[in-house]
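Overview (structure and organization)
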Amino acid sequence: MKTKTASILATMNVLSWIAYIGISIKCGAIIFTYVLSLFNEQVAKDLYQGLNLYDLKNESFLHYSLIVGITAGLLALKAYVAHLVIKVLSKINLKSPFDMEVALQMEKISIMILYLWLISLGARIYQEILDLPNMDWNGGEALFLSGLIFLFAQIFKKGVEIQAENDLTV
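Residues numbered from 1 in each chain as written. Predicted model: local features only at pLDDT ≥ 70, side-chain atom pairs only at ≥ 80, totals over all residues. Heavy atoms only, no water.

Glancing now at helix H4 (residues 100-130). With 31 residues, H4 extends 45 Å between its outermost C-alpha atoms, agreeing within 8% with the 45 Å of an ideal straight helix rising 1.5 Å per residue. At the exit of H4 stands Asp131, carrying a positive phi of roughly 55°. (Helix = DSSP H or I, 4+ residues; strand = E, 2+ residues; numbered from the N terminus. Expected span 1.5 Å × (residues − 1).)

Next comes the structure, spelled out in structure tokens:
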């Protein structure tokens, strides 16, 4: 019989896969419609879910391409974070939960989320310079999340040390 923790981890794994697939599809859709917009300018009116960059494309193709690139890059980075979470969840062993590889993966997740925050911050500034409508690049919570995950990674590392000491004493 599965424990409550095992059920929660399995559910989180499924949700992580759903997030990974959904974010990947969104990223792919933006890239695909961007390529289509190169051949048909009308596509830029509804790039993805109502994102209208038609005026920006007509004003400056460089700015248009940068905005789409930043948007796709942020989504790709989010998908990569979801992929790392999937890897962490698949490596957790409830009989011996503290593993250095999991702790290092958690650190990597925190660093990727920090990069996500930094890029979001830069994108937000760029958006304000161009006086564009809100592109949903807030990212403020990403800094907090990055710090929290980094803290958990350090706790995991300490757990690895304690677990190794306990294994030696048995």
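A few words now on the pattern of salt bridges. Within this structure, the stated rule accounts for 4 salt bridges. Among the salt bridges present, the one from Glu101 reaches Lys91, with a minimum N-O distance of 2.9 Å. Pair noted here: Glu101 is in helix H4 and Lys91 is in helix H3 (residues 61-91), with a separation of 10 residues, a long-range link. We classify Glu101 as partly exposed; its relative accessible area is 41%. Arg124 is the partner of Glu128 in a salt bridge, and the nearest nitrogen-oxygen pair spans 3.9 Å. (Salt bridge = Lys/Arg side-chain N within 4 Å of Asp/Glu carboxyl O. Buried < 20%, exposed > 50% of the residue type's maximum accessible area, 1.4 Å probe, protein only.)

Here the focus is helix H1 (residues 4-39). Taking 1.5 Å per residue, 36 residues should reach 52 Å; H1 reaches 53 Å between its end C-alpha atoms and fits that length. Restricting attention to buried positions, one finds in H1 the residues Ser16, Cys27, Ile30, Thr33, Tyr34 and Ser37. Summarising the contacts, the buried residues of H1 are in contact with helix H2 (54-59) and H3. (Contact = heavy atoms within 4.5 Å.)

Fair warning: the whole summary comes from geometry, so function is off the table for now.
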